[in-house]
Amino acid sequence: MKLLHIDSSVLGPHSVSRRVSAAIVDRLRQATPGIQITYRDLTSTPLAHLSGLHLAAAQGATPEAALLADIAAGQAVLGEFLAADIVVLGAPMYNFTIPSQLKAWIDRIVVAGKTFKYGAQGAEGLAGNKRVIIAISRGGFYGAGTPAAIGEHLETYLRWVFGFIGVTNPEFIFADGIQVGPEHREKALAGALQAATNLHAA
């Protein structure tokens, strides 16, 4: 059993999503003897955002020398994702959506012929054999029925993009309203950590 742990918050030890994703991994580590864990911090080792040169290289053009290391990094993260049975992702909301560091990672794993393909019926996901667990932190309240729900482009985006590559039932643990005030932050964090402890084994 292989687990891939991804963090994307820029807040380091002050991050709620990092604490919750770590708790999820601890729970699965304890419940699954022999599990192999790969960790990637997208802020300490960021991927470059896609450029025209990346796309040209993907189509067979000879890449510039300065691009070679980043292309290799992209291939490495794709390999990590493909090899994983479980993916645990820490995803804070920044300006109503995912961090740009996380978007750069997603752009390296959503790859035609690897995690999806196009056919007569349209797009078909190829990564549906994975369990994906996402720790979400949001400063306010964006759940269904809230006034701000229309501005929620974190959970909705992640549900769509993972569904596109075949993961149709990602699991979410939420810490909402963490910027409302210190007391609510602690309450939200405690609830999310408890939810991580209650996760069923792999």
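Now for a look at the structure at hand. Just so you know, the residues in each chain are numbered from 1, in the order the chain's sequence is written. Totals for whole chains, interfaces and linings use every residue, but because this is a predicted model, local features are given only for residues with pLDDT of at least 70 and side-chain atom pairs only at 80 or more, for both listing and counting. Each side-chain value is worked out from all heavy atoms of the structure, with water and hydrogens disregarded.

Right, let's talk about unusual backbone geometry for a bit. A positive phi is found at Asn 95, a non-glycine position, where the angle reads about 50 degrees. In this structure, Asn 95 sits in the loop between β3 (86–92) and α4 (100–109). Of the residues examined, Asn 95 reaches a relative accessible area of 71% and is grouped as exposed. A positive phi angle, close to 80 degrees, is found at Phe 96, a residue other than glycine. Here Phe 96 lies in the loop between β3 and α4. Secondary structure follows DSSP: runs of H or I at least 4 residues long count as helices, runs of E at least 2 residues long count as strands, and numbering of each begins at the N terminus. Per-residue accessibility, obtained with a 1.4 Å probe over protein chains only, is compared with the maximum for each type, and a residue is labelled buried under 20%, exposed over 50%, and partly exposed between these values.

We now examine the packing of α4 against helix α5 (residues 155–164). Every axis in this analysis is a line fitted to C-alpha atoms, fitted for helices over the stretch in contact. Angles between the N-to-C directions lie between 0 and 180 degrees. Contact geometry for α4 and α5: axes closest at 12 Å, N-to-C directions at 15 degrees. One finds that α4 runs roughly parallel with respect to α5. Two packed elements cross with a definite hand, and for α4 against α5 that hand is left-handed. Every residue of α5 that contacts α4 at Leu 102, Lys 103, Trp 105, Ile 106 and Ile 109 is listed here: Tyr 157, Leu 158, Val 161 and Phe 162. All amino acids are sorted into three groups, where Ala, Val, Leu, Ile, Met, Phe, Trp, Tyr, Cys and Pro are nonpolar, Asp, Glu, Lys and Arg are charged, and the leftover types, Gly among them, are polar. Residue composition of the contact of α4 with α5, grouped by class: 8 nonpolar, no polar and 1 charged. Throughout this description, any angle smaller than 35 degrees is read as roughly parallel, any larger than 145 degrees as roughly antiparallel, any in the 65 to 115 degree range as roughly perpendicular, and the remainder as oblique. Crossing chirality is assigned from the near helix's rotation relative to the far helix, an anticlockwise turn below a right angle marking it left-handed and a clockwise turn marking it right-handed. Any two residues whose heavy atoms approach within 4.5 Å are treated as being in contact.

The next point concerns the sheet that holds strand β1 (residues 2–7). Note on pairing: two strands pair once DSSP finds at least 2 bridges between them. The parallel open sheet is built from 5 strands, whose spatial order is β2-β1-β3-β6-β7. The two strands at the open ends of the sheet, each matched to only one other strand, are β2 (36–41) and β7 (171–176). In this sheet, adjacent strand axes meet at a mean angle of 15 degrees when their direction is disregarded. Taken strand by strand, α5 contacts β3, β6 (131–138) and β7, and its axis lies near 165 degrees from that of β6.

On to the pattern of salt bridges, then. A side chain of one charge can pair with a side chain of the opposite charge when the charged atoms of the two come close. For this analysis, a salt bridge means a side-chain nitrogen from Lys or Arg found within 4 Å of a carboxyl oxygen belonging to Asp or Glu. Counted under the stated rule, the structure contains 12 salt bridges. Between Arg 18 and Asp 41 there is a salt bridge whose closest N-O contact spans 2.9 Å. Residue Arg 18 is located in helix α1 (residues 16–31), and its partner Asp 41 is located in strand β2; the two are separated by 23 residues in the primary sequence. Accessibility classification places Arg 18 together with Asp 41 in one group, the buried group. Across the salt bridge formed by Glu 155 and Arg 138, the nearest N and O atoms sit 3.5 Å from each other. Taken together, the residues Glu 155 in helix α5 and Arg 138 in strand β6 connect sequence positions 17 residues apart. The burial state of Glu 155 is the same as that of Arg 138; both residues are buried. Three or more residues are tied together by salt bridges with common partners; here these are Arg 138, Glu 152, Glu 155, Arg 159 and Asp 176.

The next point concerns α1. Given 3.6 residues to a turn, an α-helix orients residues that are three or four positions apart in the same direction. Along its 16 residues, α1 runs 23 Å from first to last C-alpha, staying within 8% of the 22 Å computed at 1.5 Å per residue. Those residues of α1 that sit buried are Val 16, Ser 17, Arg 18, Val 20, Ser 21, Ala 23, Ile 24, Val 25 and Leu 28. Against the buried residues of α1 lie β1, β2, β3, β6, β7 and α6 (182–197). A helix is expected to span 1.5 Å multiplied by its residue count minus one.

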